[in-house]
Number of protein chains: 2
Amino acid sequence: MTGTLTIAGLGPGDDALVTPDVTAALAAATDIVGYAPYVARVRPRDGLTLHPSDNRVELQRASEALRLASEGHHVVVVSSGDPGVFAMASAVFEALEEQPKWQGLSIRVLPGVTAMLAAAARAGAPLGHDFCAINLSDNLKPWPTIEKRLRLAAEADFAIAIYNPRSASRPEGFGRALDVLNEAGCGERIVVFARAVSAPEERIETVRLREAKPEMADMRTLVIVGNSATRRVGRWLYAPRQAR
Amino acid sequence: MTGTLTIAGLGPGDDALVTPDVTAALAAATDIVGYAPYVARVRPRDGLTLHPSDNRVELQRASEALRLASEGHHVVVVSSGDPGVFAMASAVFEALEEQPKWQGLSIRVLPGVTAMLAAAARAGAPLGHDFCAINLSDNLKPWPTIEKRLRLAAEADFAIAIYNPRSASRPEGFGRALDVLNEAGCGERIVVFARAVSAPEERIETVRLREAKPEMADMRTLVIVGNSATRRVGRWLYAPRQAR
């Protein structure tokens, strides 16, 4: 029996944002591997084994998924959003590099609607012009690298999608990021705080950056800092297509 | 009768990448407005009027959609990929700003799988670390702005997704972009040329940037320039989660 490994994105939360490709992969799976809250989004059924795991054990989880596939299982590794954006795909390829014996396995990556796209859609079109995405988690990169990227992104006049702005283990990073952006002259930029997009408890808030407070973000918030031209029209905001 | 305007993303091409949300909106529509090749992806049926239009008439198309909605139609404006990324959402909000009388209309933006996510999934996980997206079309922004952003993106060590690298009307831009990135020290970076992702004629090619040629891209190509740490494992490439 030949196993398969599929690395799939479940989108931001609402089943109406899960692609048919991913739905079909879940229906064909024998095993679901992932961070517990994402595994919990998959409906249990006969013949399907769920393997929920804790946060911050990505490599271990990836190795488990590869091992199961090598034993003939049809494994789906689930991430929220898109699996390639600050999610499980990189971890699986890291694990694969460490274990060359698994490199012949049949692997597929199925894209999904990543958080910034869902958040942008609720707010209007803040990513309608050039933009960047920065993961504020400093578990895996030094803080000075994050600060440097924020400064260069401001200078490039990118809209900036900030993933993982805040967590209990590093509550101060996001406040420092706001300071960096204020110092870089972004105080008048419009910022979107998009919490739990597409879930019942969704909340969208927009403020000028100089008025933004660290506590406006939590673990379930995606932050989008508009570019210098981002403007409001009615309840919406958008980045004009034209640039200077 | 109260009309509605839905701005929807059809994903990169394959129906298996269209969200159920978008499928439902198309099923409830009376009118589909968009660039002809995207409108052609919607199945005709009784009660549905298709309004295909040419490229580069985004504002006019957006105004037509708003007018139809104001007359009571249920209009879906379709884009390829995600409607908020270098697509119709910004144009609709621009048109809305010009025509305040339409600002009371019921408007929704439905996200989709944008080209860079689909391209990244086919290649592995080149967007697994911080990245940016730059539209190389200079119809709406001056070339020096594009060049400046490329240089800053290289300095920030972002992976760089390049949309619209090349078209018949401006064949030389992409070659200049490659020159800028080579000069910025990115010659050893791995580049993905992803053409027609999820369509039958899909083609994925990876080379070092110093070996990349302008003619490797055409109108249907999405280019991803890896960051300095992006590496190969078997037939895949990925950006490690860890940064220096």
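This text follows the structure it describes.
Residues numbered from 1 in each chain as written. Chains lettered and ligands numbered in written order. Predicted model: local features only at pLDDT ≥ 70, side-chain atom pairs only at ≥ 80, totals over all residues. Heavy atoms only, no water.

Now for the packing of helix α6 (residues 143-156) of chain A against helix α7 (residues 173-183) of chain A. All names here are of chain A. Contact geometry of α6 with α7 gives a least axis separation of 9 Å together with a crossing angle of 35°. Note that α6 runs across α7; the crossing there is right-handed. Residues Trp143, Glu147, Leu150, Arg151 and Ala154 of α6 touch α7, and the partners they reach there are Gly173, Arg176, Ala177, Val180, Leu181 and Glu183. Considering only residue class, the contact of α6 with α7 consists of 6 nonpolar, 1 polar and 4 charged. (Axes fitted to C-alpha atoms, helices over the stretch in contact; angles between N-to-C directions. Helix = DSSP H or I, 4+ residues; strand = E, 2+ residues; numbered from the N terminus. Left-handed = near helix turned anticlockwise from the far one by under 90°. Contact = heavy atoms within 4.5 Å. Nonpolar A, V, L, I, M, F, W, Y, C, P; charged D, E, K, R; others polar.)

Another aspect to go through is the interface of chain A and chain B. How big an interface is tends to be stated in terms of accessible area lost as the parts join. Contacts between the two partners involve 65 residues from chain A and, on the opposite side, 65 residues from chain B. When the two sides are added together, the surface that chain A and chain B hide from each other amounts to roughly 5,800 Å², 60% of it contributed by carbon and sulfur. The largest share of the area that chain A buries against chain B comes from Leu140, Arg149 and Arg241 of chain A, three residues that together contribute 14% of it. The tally of links from chain A across to chain B stands at 10 salt bridges. Of the charged contacts in the structure, one is a salt bridge between Asp130 of chain B and Arg149 of chain A, with a shortest N-O distance of 2.8 Å. The tally of links between chain A and chain B comes to 26 residue pairs in polar contact (both at pLDDT 80 or more). It is helix α4 (residues 88-98) of chain A that contributes the most residues to the side of chain A that touches chain B, 7 residues altogether. As paired elements, strand β7 (residues 131-135) of chain A and strand β7 (residues 131-135) of chain B share 3 bridges and run antiparallel to each other. The residue bridging Ala133 of chain A from the neighbouring strand is Phe131 of chain B, located in β7 of chain B. (Buried area = accessible area lost by both parts, 1.4 Å probe. Salt bridge = Lys/Arg side-chain N within 4 Å of Asp/Glu carboxyl O. Polar contact = N/O pair within 3.5 Å; in protein donor to acceptor, adjacent residues only side chain to side chain. Pairing = 2+ DSSP bridges.)

Attention now goes to the side chain of Thr114 of chain B. Take Thr114 of chain B: it is sitting in the loop between β5 (106-110) and α5 (115-123). Beyond its immediate stretch of four places on either side in the chain, Thr114 of chain B contacts Leu117 of chain A together with Gly81, Asp82, Val85 and Tyr163 of chain B.

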